[in-house]
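# Architecture and fold: a report
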Amino acid sequence: MAQEMEVVTIGNTKIALKRGDITQEEVDAIVNAANPRLLGGGGVDGAIHRAAGPSLLQECRQIGYCAPGEAVVTGAGELKARYVIHTVGPVWRGGTRGEERVLASAYKESLKRAVGKGAATIALPAISTGAYGFPVDLAAKVSLCAIKEFVEENPGALEQISLVLFGENIYKAFGKAFEACFIR
Ligand code: ADP
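Residues numbered from 1 in each chain as written. Predicted model: local features only at pLDDT ≥ 70, side-chain atom pairs only at ≥ 80, totals over all residues. Heavy atoms only, no water.

### Description of the layout of surface pockets
In this structure, the largest pocket spans a volume of roughly 540 Å³. Along the walls of the largest pocket sit 28 residues, with A33, G43, V44, D45 and G130 positioned nearest its centre. When contributions to the lining of the largest pocket are tallied by element, the ones reaching two or more residues are α1 (43-52) and β7 (160-165). When its residues are assigned to classes, the lining of the largest pocket shows 15 nonpolar, eleven polar and two charged. (1 Å grid on protein atoms, 1.4 Å probe; cavity = no way out; pocket = protein on both sides within 12 Å on 5 of 7 lines; lining within 4 Å. Points joined across faces, edges and corners; volume = space filled by probe spheres on them. Helix = DSSP H or I, 4+ residues; strand = E, 2+ residues; numbered from the N terminus. Nonpolar A, V, L, I, M, F, W, Y, C, P; charged D, E, K, R; others polar.)

### Description of the site of the ligand
Surveying the vicinity of the ligand reveals 16 residues, the closest of which are D21, V44, S128, T129 and A131. At 2.8 Å, a backbone N or O of V44 approaches an oxygen atom of the ligand. T129 places a polar side-chain atom, nitrogen or oxygen, 2.7 Å from an oxygen atom of the ligand. A majority-of-atoms criterion places the ligand in the largest pocket. Broken down by element, the shell around the ligand gets its largest block of residues, three residues, from α1. Grouping the amino acids of the shell around the ligand by side-chain chemistry returns ten nonpolar, five polar and one charged. (Near = heavy atom within 4 Å. Polar contact = N/O pair within 3.5 Å; in protein donor to acceptor, adjacent residues only side chain to side chain. Sits in = over half its atoms within 2 Å of the grid points.)

The structure is reproduced here in structure tokens:
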């Protein structure tokens, strides 16, 4: 299990920041930072498909497409989770193409889909901070604000939201934004 580094509770919802590998999370739903064609790839997408096995790609092929800022749900194959929620973050193009809005939407739509499936616990990665090139400090702020807003708008809808962060620099950026967003 990933180590919990920061935790805050809003109403009945616990929000935790951890370092670790999201494929190891024992939660109802794991969020994948997918690409629009849902065909798997590198980064967290590749790790989730490898860990889930071929049934995940089959389900993704049937769905076929997900627009940036939206999310679709599949089963979770051999993962410990019940569902994988595939969302598509924005590709960073300098910040003038609505990237912040699309990133916030990717988080909120993922959380909404989880609630729609009756999931109580969910783990999410740092969407768009890898191949999609979103600046990490800004991504951390936008991501955590979107999660906070969702929890405030949907009190008690989820028991636990874990952000599972893979790299040191990503973790540090989210740690800083976490304090700014939740503690102060
Ligand atoms: P995107 O295309 O949305 O940028 P990436 O998969 O390239 O997606 O990167 C998103 C984030 O996922 C990056 O911060 C990367 O370090 C992280 N990541 C990669 N593998 C894992 C994993 N197994 N668990 C959690 N996060 C991961």
